[in-house]
Amino acid sequence: MARGRLRIFLGAAPGVGKTYAMLAEGQRLRALGTEVVVGFVEPHGRRPTAAMAEGLETIPRRALRHRGARFTEMDLDAVLARRPQVALVDELAHSNVPGTRNAKRWQDVEELLDAGIDVVTTLNVQHLESLNDVVRQITGVRQRETLPDEVARRADQIELVDLPPEVLRRRMVHGDIYPADRIESALTHYFRVGNLTALREIALLWLADRVEEGLQRYRAEHGIVAPWETRERILVALNGGPEGETLIRRAARISARTPGTELLALHVVPEDGLTRVDPSVLDAQRTLLESLGGSFHQTTGGDVVEALLQFAEAENVTQIVLGASRRGRVASLLRAGVGERTIKGSGPIDVHIVTHEEAAASAALRLPRPGNGMGPRRLGAAAAGAVVLLPLLTLLLTVVRGPMGLAGALVLYLLVIVVVALVGGVVPALLAAVAAALLADYSFIAPVHSFDIERPDEIVALVVFVVTAVLVGTAAGAAARHTRQAARAIAEARTLSRLAAGVLRGQDLPALVEMIRENFGLSAVSLLERDPRASPVPRWYVVASAGDHPPERPYEAEVESPVDDLLTLAARGPGLSSQDRRLLDACAAELGLAHARGRIAGPAGVGDPLADAERTRASLLLAAGRDLRAPLRTAEDALGRLRRRGGERAPDERRLLETARAAVHRAAQLVTDLDDLSRLHAGALDLYLRPVDLNEAWGAALDDLGPGGHSIVLRLPAYLPDVIADAALLTRALTALAADALRHSPPGRPPVVTAETHDGRVAIRVADGSGGEGAALAGRSGSRADSLALRLSRDLAEAMDGSLRTSGRGSAFTVTLSLPSSAPGRPRRGKRPARPT
């Protein structure tokens, strides 16, 4: 039986019209003669949605009782027995009531699809598992019901149901989404314009990625290699030189001109896997790239241009950014540079050559850089050079024989022999010396075109030439060999130092294993540990791994480096030389030390009584917060209903009701602050640091203060630069400071907010209207600074690499945050100036 087709209507937020669109599609299919039934639809009291469902056959729901309450769910067995062509099932990420066959509704949908029934369903983007944390950071709300991304990816068709944030908020105000008692809270929290805009962008980008996956699959199935410019992808080629930061910034500016552009960077490691550049330079460039929203990649290849173009074709790159050549004019004449070769082989890919300070710094003649060994390739290159250069030089000297004597010819021959020795070593130089002597005898010693020699001084000259050429060639070959050995030693030292630095910094084992895999150009690496209790058949466990399909047993690896009796490093990839094996053994020993250190540190931390007490205190605080949150929410809802209930009340009753409601709200906020403070100290509060618009942050903070006659004076610059912060946490901190300033401001003297930029940081000052009067009484300043809300604000600021300090005799607090690295303080298009409020 053919599997059914799955169609998903995707939305960025509740109320965009997903269920309505699903029912409209059901009506369309029904009009075409398709057998359509409603398996489950939840109209949420929206009349247009309920009207759209009229006329469609509906399968009665199944009633269930759980904890004394009655619930209804989709009757899966009834839908399967009915066997329609299409079933409409709302809310794909819904969790079923305990007692049903499947825990999740998407599992019910899988059964319908396996039965050959097509399913049309709905989904909000915030319910996708991979986006759950991102949505929580933006909205402050964790979605309990999540859907594995793979389920949505397997859908045959995904259609976005989209509404602009302003339209969605207008629908909310008109009561088309939530009942009247939830409208005000939704508009000031989840349904803020910033939240809805961010959710809309997330939905569009996620759907664009799914479309991109389908496009790449189509190109692979049809063997299409040429890039299709459906999305601009800009690739920066990094060679580890100082010009890398210039190239990254230039590529980022190109990327910023086209929305949706993807920025990538590639560093090509030689075939031996040992990078010859300073790792700290590459790490700094990687950090800069990631701060600008790009992704860093590393590959291994013998030819830089070939590896670069292969990666560009695989990633559907549309533009490549290269640095201008640092080679001199003579070297460029001898061999085309990377830029020229990339342009010739790029095809439809645009190539940008960016100038920099290091470009063509020296025009002197540079010899080819020696490699790591005298393999067949280098010997062949040296022999080919001798075969080509010696006849050409002989022909040239024959043409200008008049001014050039035998001595001059022998000197030029000696230069060719030195070049051959540098490239191929002593043996090619010796053969080239003998060949040069024979050519000189045949072409320049009388009788010409004969190997006979009439004059004894010419015999002595040739013998001395051969001996000198052999000695010079030997010295040049030895110097080249020592240079290669020194370069090899430097590369080994850098590899070991980089790995040791990672161990000292406390990097986890997977990151260290990935570092080894990249350095040696291996496809997969695993650190395996043998169970000492398993005998006689050994049992191995993977401690850490990196790469595709890492080996899980030593005999599955192509390269093995034992650490001790229980640990071994197993790898797959190209064969390693004896020197590489020796270096791999040293790296494996470093991994063994890191693994042992982790084992020692683990039990030590467990037995620490102070750590146990701290964990117990944090867990008690979290438990108390969870227990208090529910009764406080119930009390707040009850007071809200009493406030909205009609009828005449005395002024004292109204005042008491408002006071009680404010106190309960304050207590609920304190519980939330206590929860966040405990999670922050425990390291469980996620941070998403990125450039944040201060105007939007202040707007959100003022919204969070809630309705009422709040008066705050904002004296901000015409253009505020972005700051590096977590948007949600920054809003929390600013809201706490503004609320504290309002509470301590006398009537008629509102708080004042100012901001200024200096030394790469922004200082935001929130001062109450008291001017510090009476701050010293009863230690008022100290009590304010030590309050829970302000302590949370201080800890949040420090977590975002900022600070919070007290000034103005305890009546003002200043938050200092860092500026982004690019163009601090420069106004950007679309940024609105702050206006006094």
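What you see is a predicted model, and the numbers here were worked out from it, not measured in a lab.

1. Side note on the overall build of the protein
Here is step 1 of the chain: Broken down by element type, the protein carries 26 helices and 24 strands.
Here is step 2 of the chain: Put simply, the protein has 837 residues, and 41% of those count as buried.
Here is step 3 of the chain: In the protein, 70% of the contacts between residues at least 6 apart in sequence involve partners at least 24 apart.
Here is step 4 of the chain: Total accessible area on the protein is roughly 43,300 Å²; 57% of this is exposed by carbon and sulfur atoms.

2. Let's talk about helix H11 (residues 279-291)
Here is step 1 of the chain: Compared with an ideal rise of 1.5 Å per residue, which puts 13 residues at 18 Å, H11 spans 18 Å between its outermost C-alpha atoms and is within 8% of the ideal.
Here is step 2 of the chain: Positive phi shows up at Gly293, right after H11, with a value of about 90°.

3. Here's the deal with the packing of helix H12 (residues 304-314) against helix H14 (residues 338-345)
Here is step 1 of the chain: In contact at an axis separation of 10 Å, H12 and H14 are set at 40° when each is read in the N-to-C sense. The orientation of H12 with respect to H14, classified from their angle, is oblique. Crossing angle aside, the handedness with which H12 passes H14 is right-handed. Only Val338, Arg341, Thr342 and Gly345 of H14 make contact with H12, whose side of the interface consists of Val305, Leu308 and Leu309.
Here is step 2 of the chain: Within the contact of H12 with H14, the residues separate by chemical class into four nonpolar, two polar and one charged.

4. As for a nonpolar patch on the surface
Here is step 1 of the chain: Residues Leu430, Val434, Leu438, Tyr442 and Phe451 make up a contiguous nonpolar surface patch of about 450 Å² in total accessible area.
Here is step 2 of the chain: Within the secondary structure, Leu430 sits in helix H17 (residues 426-444).

5. Here's the deal with the sheet that holds strand E23 (residues 803-807)
Here is step 1 of the chain: Read from one edge to the other, the open sheet built from five strands follows the order E19-E21-E22-E24-E23, with strand pairing classed as mixed. The strands lining the two open edges of the sheet, one partner per strand, are strand E19 (713-715) and E23. Between one strand axis and the next, the sheet turns through 20° on average, direction left out of account.
Here is step 2 of the chain: Most of the contacts of helix H23 (residues 694-704) go to strand E22 (residues 761-767), to which it runs at about 25°, and overall it touches E19, strand E21 (752-758) and E22.
Here is step 3 of the chain: Packed onto the sheet, helix H24 (residues 727-743) meets E22, E23 and strand E24 (812-818) and runs at close to 165° relative to E24.

6. What to know about the nonpolar core
Here is step 1 of the chain: Counting residues in hydrophobic clusters, the biggest one holds 62 residues, and the most contacted among them are Leu88, Leu112, Leu123, Leu128, Leu147, Met172 and Phe191.
Here is step 2 of the chain: Ranked by residue count, the leading element in this core is helix H9 (residues 193-221), at six residues.
Here is step 3 of the chain: In this structure, Leu112 is in contact with Met74, Leu76, Val79, Leu80, Ala87, Val89, Ile117 and Val119, ignoring residues within four places of it in sequence.

7. Details of the environment of Glu35
Here is step 1 of the chain: Along the polypeptide, Glu35 turns up in the loop between helix H1 (18-31) and strand E2 (36-40).
Here is step 2 of the chain: Residue classification places Glu35 among the partly exposed positions, given a relative accessible area of 32%.
Here is step 3 of the chain: If sequence neighbours within four positions are ignored, Glu35 has contacts with Arg82, Arg83, Pro84, Gln85 and Val86.

8. Focus: the pairing of strand E16 (residues 559-562)
Here is step 1 of the chain: Going residue by residue along E16, you find Val559 and Ser561 tucked away on one face and Glu560 and Pro562 left uncovered on the opposite face.
Here is step 2 of the chain: Hairpin connection of E16 to strand E17 (residues 567-572): four residues between the antiparallel strands.

9. Some thoughts on the packing of aromatic side chains
Here is step 1 of the chain: Scanning the model with the defined rule gives zero aromatic pairs in all.
Here is step 2 of the chain: One residue, Arg105, lies across the ring of Phe40, its end atom 3.8 Å from the ring centre.

10. A look at the environment of Thr342
Here is step 1 of the chain: The topology assignment puts Thr342 in helix H14.
Here is step 2 of the chain: For Thr342, a relative accessible area of 0% corresponds to the buried category.
Here is step 3 of the chain: Sequence-wise, Thr342 and Leu322 are 20 residues apart; in three dimensions their C-alpha atoms are separated by 9.1 Å.
Here is step 4 of the chain: Contacts of Thr342, omitting those with residues within four sequence positions, involve Val305, Leu308, Leu309, Ile320, Leu322 and Val351.

11. So, the pattern of salt bridges
Here is step 1 of the chain: Within this structure, the stated rule accounts for 21 salt bridges.
Here is step 2 of the chain: Notably, a salt bridge pairs Arg154 with Glu110, separated by 3.2 Å at the nearest N-O pair. Highlighted residues: Arg154 in the loop between helix H6 (149-153) and strand E8 (157-161) and Glu110 in helix H4 (residues 105-114), separated in sequence by 44 residues.
Here is step 3 of the chain: For Arg154, a relative accessible area of 42% gives the class partly exposed.

12. Here's the deal with helix H19 (residues 509-520)
Here is step 1 of the chain: Taking 1.5 Å per residue as the helical rise, H19 with its 12 residues ought to reach 16 Å, and the 17 Å between its terminal C-alpha atoms agrees with that figure.
Here is step 2 of the chain: In terms of residue burial, H19 counts as a mostly covered element, since nine of its 12 residues are buried.
Here is step 3 of the chain: Gly521 lies just past H19 and shows a positive phi near 65°.

13. Focus on the confidence of the model for the protein
Here is step 1 of the chain: Residue-level pLDDT values for the protein average 76, and 75% of them are 70 or greater.
Here is step 2 of the chain: Confidence over residues 602-607 falls short of pLDDT 50; this stretch has five contacts with residues more than four positions distant or in other chains.

14. Here's the deal with the side chain of Gln27
Here is step 1 of the chain: Looking at the secondary structure, you find Gln27 in helix H1.
Here is step 2 of the chain: With a relative accessible area of 17%, Gln27 lands in the buried category.
Here is step 3 of the chain: Polar side-chain contacts of Gln27 include one of 2.8 Å to the backbone oxygen of Glu54.
Here is step 4 of the chain: Those residues within four positions of Gln27 in sequence are excluded, and the remaining contacts are Met52, Ala53, Glu54 and Leu56.

15. A few points about the environment of Leu657
Here is step 1 of the chain: Mapping Leu657 onto the fold places it in helix H22 (residues 651-681).
Here is step 2 of the chain: Placed 18 residues apart in sequence, Leu657 and Leu639 show a C-alpha to C-alpha distance of 7.2 Å.

16. Description of the sheet that holds E17
Here is step 1 of the chain: Overall, antiparallel pairing links the four strands, which are arranged E15-E14-E17-E16 in an open sheet. The sheet is open, and its two borders are formed by strand E15 (540-547) and E16, each paired with just one other strand. The average undirected angle you get between the axes of adjacent strands in this sheet is 20°.

17. Points about unusual backbone geometry
With glycine set apart, most residues show a phi of negative sign, and most peptide bonds adopt trans.
Here is step 1 of the chain: With phi around 55°, Asp759 is a residue other than glycine that occupies positive phi space.
Here is step 2 of the chain: When you line up the elements, Asp759 lands in the loop between E21 and E22.
Here is step 3 of the chain: With a relative accessible area of 77%, Asp759 lands in the exposed category.
Here is step 4 of the chain: At Asp801, a residue that is not glycine, the phi angle is positive and equals roughly 65°.
Here is step 5 of the chain: Checked against the element boundaries, Asp801 lands in the loop between helix H26 (788-799) and E23.
Here is step 6 of the chain: On the accessibility criterion, Asp801 (52% relative accessible area) is exposed.

Calculation rules
- Residues numbered from 1 in each chain as written.
- Predicted model: local features only at pLDDT ≥ 70, side-chain atom pairs only at ≥ 80, totals over all residues.
- Heavy atoms only, no water.
- Helix = DSSP H or I, 4+ residues; strand = E, 2+ residues; numbered from the N terminus.
- Buried < 20%, exposed > 50% of the residue type's maximum accessible area, 1.4 Å probe, protein only.
- Contact = heavy atoms within 4.5 Å.
- Areas by Shrake-Rupley, 256 points an atom, 1.4 Å probe, with all protein chains shown as cover.
- Expected span 1.5 Å × (residues − 1).
- Axes fitted to C-alpha atoms, helices over the stretch in contact; angles between N-to-C directions.
- Parallel < 35°, antiparallel > 145°, perpendicular 65-115°, else oblique.
- Left-handed = near helix turned anticlockwise from the far one by under 90°.
- Nonpolar A, V, L, I, M, F, W, Y, C, P; charged D, E, K, R; others polar.
- Patch = residues over 30% accessible without salt bridge, like charges linked within 9 Å, V, L, I, M, F, W, Y side chains within 5 Å.
- Salt bridge = Lys/Arg side-chain N within 4 Å of Asp/Glu carboxyl O.
- Pairing = 2+ DSSP bridges.
- Core = buried A, V, L, I, M, F, W, Y, C linked by side-chain atoms within 4.5 Å.
- Phe/Tyr/Trp six-rings, centres within 6.5 Å; stacked < 30°, edge-to-face > 60°.
- Lys NZ or Arg CZ within 6 Å of the ring centre and 35° of its normal.
- pLDDT = per-residue confidence, 0-100.
- Polar contact = N/O pair within 3.5 Å; in protein donor to acceptor, adjacent residues only side chain to side chain.

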